[in-house]
Amino acid sequence: MAQSGGIGGIGGIGGIGGIGGIGGIGGMTGLGGFLGAGDTGGLQGTAESLLHRVGNGVVPAGDALDYNQTVNNDRWAAWVRGSLYLSEFLSQVGYSAGSDTAPAITLSFAGNDLVTLDRPSDALLADQCVLVQNYADLRADRTAEIISQLGFPTEYFAMILGLHAGQHAKTFELITVTQVMAAHMAMIAKHALAIRRPDQLDGRIQPMIPTPGHGSFPSAHATEAYAVMTVMEGLTGSWGSFKDQADRMKMLRGLAERIAVNRTVAGVHFPIDSWAGAALGTALGQVVLQLCGQAGASAVQALQYTPGNDDFSDYQFTQQAAAHGLQQGATFSVSATDHFSWIWEKALAETQKV
C-alpha cells in the first residue's frame, strides 16, 4: 500500500478560500503572515530609545511552558495548529491503485480501507456530458452562488448554524480543518483516476467559471461539503442547544447537495463526480469525528462506488445508494488524536455562545 505525502501550499484557517474550494490555515505554510512583518525599522528605533530606561539589570527566570502538550495550542498561530492537524491526519492516510484492466483507487485510513472509487469509462463520461449540458439552464438563477462558492463556502454553513466569527472561532477552525483534510484526500483520488473535465470531452459544454487544474472525479467540493456536514451534525448534536436541530440538519444536508450540484451547473463536474465526492466526504467526516474523540461517534463505514449514468441527488445518495452503485463495506474505528481532540473540545465549549 503506497503511503501518500503532504500537499504543500493548500490554504487554511485564517484565509478560507482558494481555487477549487481548497481553503487554508494561514497559508498552511505560515509564510504569508511571517513575511508580512510590517515596519521593522520603526520597531528597532523605538526599542533603542527605550532600552536606556531599564539599563543592564538581571532578567528574572520565567516559568517553562508545558513540554509537548496541547495546552500550548492557544499560544500558537492558527497556521501552526494547521501543521499539527495535518501531521496527525496524513500520517494515517494511504492508498492503492487497481490495474489497467480494473482501474480504481482505494483510499485507506489507519490501515483500513475507507473508500474505493471505480474509474468511469469513456462511454459513461460521454453519456454524462448530456446531463451536464442540461444543467446549464440553471446558470442564470445560480450565478451568485456559484461564484461565491469558488472557495469553500463556510459562510453558507454559518448561515444555517447561526455561527459568528467573534463567538465561534474554534468552530470555524474545525470546519476548515475538516475541509482541508477532505481536499487532500480528494486530490489523491483525482490524480490516480485522471478523469478529464466535461468541457475537455465535449466542446458544447462551456463552463461559466475557469476549469480547475486537476481531475474531475471525485468532486472536491462535494467531498468537502459532505465531510463538513457530517462533522457539524456531530458537533451541533453534542451542543444540544438548537431546539430545531432536526430542521437545521435537513437544511445542512440540502446545502451539501446544492454545493455539489452547483459545480455541475457551472459546467466543471459530472453528476457522478458528486456521487464519488459525497461518498468520500461522508466517510472522511466520520473519520474526523473519531479523531476528535467524539463520545458516541459511529464507526467509520467503508464505501465502494461503481459509477453508472446517474444524476445526483441527496435523496438518492441516502435512500437509494445501492441502486446507484454505492455499496457498504466493513466498519472500523479510529483512535482519537491529541490535536483533533483539542479543537473538538474548544468548538464544543462554544455551545453556550449560540
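The numbers attached to residues start from 1 for each chain and follow its sequence in the written order. Residue-level local features of this predicted model are given only where pLDDT is at least 70; pairs of side-chain atoms are given and counted only at 80 or more, and the full residue set underlies all totals for whole chains, interfaces and linings. Excluding hydrogens and water, the side-chain values take into account all heavy atoms of the structure.

**Structural notes on the overall build of the chain**
Put simply, DSSP marks the helices as runs of H or I at least four residues long and the strands as runs of E at least two long, and each gets a number from the N terminus on. Summing up its helical and strand segments, the chain has 13 helices and 6 strands in all. To sort residues, take the accessible area from a 1.4 Å probe on protein chains only and compare it with the maximum for the residue type: under 20% means buried, over 50% means exposed, and anything in between is partly exposed. Across the 354 residues of the chain, 51% fall into the buried class. Within the chain, contacts between residues separated by at least 24 positions form 78% of all contacts whose residues are at least 6 apart in sequence. Split by element, the accessible area of the chain, about 16,100 Å² in all, is 52% carbon and sulfur. Residues count as neighbours in contact if any of their non-hydrogen atoms are within 4.5 Å of one another. Accessible surface area values rest on a Shrake-Rupley calculation with a 1.4 Å probe, where residue burial reflects the displayed protein chains alone.

**A short note on the pattern of salt bridges**
Salt bridges, as used here, are contacts in which a Lys or Arg side-chain nitrogen is within 4 Å of a carboxyl oxygen on Asp or Glu. Considering all chains together, one arrives at 7 salt bridges under this definition. Between E173 and R81 there is a salt bridge, with the nearest N and O atoms lying 2.7 Å from each other. With E173 in helix α7 (residues 169-193) and R81 in helix α3 (residues 78-90), the pair connects residues that are 92 residues apart, well separated along the chain. Taking relative accessible area as the criterion, R81 reaches 7% and is therefore assigned buried. With its nearest N and O atoms 3.0 Å apart, the salt bridge here joins R204 to D202. Connected through salt bridges with shared partners, the residues D74, K170 and K346 form a single ionic network.

**Quick look at the side chain of H269**
Residue placement: H269 occurs in the loop between α10 (245-265) and α11 (271-291). When its relative accessible area of 2% is taken as the criterion, H269 is described as buried. Residue contacts for H269: discarding those within four places in its chain leaves V132, K190, R197, P198, S216, P218, S219, A220, R263 and T264.

**Points about the packing of aromatic side chains**
Here a Phe, Tyr or Trp ring, Trp counted by its six-membered ring, pairs with any other such ring whose centre lies within 6.5 Å, and the pair is stacked when the planes are under 30 degrees apart, edge-to-face when over 60, and tilted otherwise. By the definition in use, this model includes 11 aromatic pairs. Taking the centre distance of 5.4 Å and the plane angle of 70 degrees together, the rings of Y226 and F317 count as edge-to-face. Of the two residues, Y226 is situated in helix α9 (residues 220-239) and F317 in helix α12 (residues 314-319); the sequence distance between them amounts to 91 residues. Neither Y226 nor F317 differs from the other in exposure class; each is buried. Three or more aromatic residues link up through ring pairs in this structure, and these residues are F217, Y226, W275, Y305, F312 and F317.

**Some details on unusual backbone geometry**
Most peptide bonds take the trans form, and the phi angle of most residues other than glycine is negative. At the junction of F217 and P218, the peptide bond is cis and its omega measures out at 5 degrees in the coordinates. Assignment of secondary structure puts P218 in the loop between α8 (198-201) and α9. Backbone geometry at N68 places phi at a positive 55 degrees, although glycine is not the residue there. Along the polypeptide, N68 turns up in the loop between α2 (40-51) and α3. Its identity is not glycine, yet A194 carries a phi of approximately 50 degrees, on the positive side. The topology assignment puts A194 in the loop between α7 and α8.

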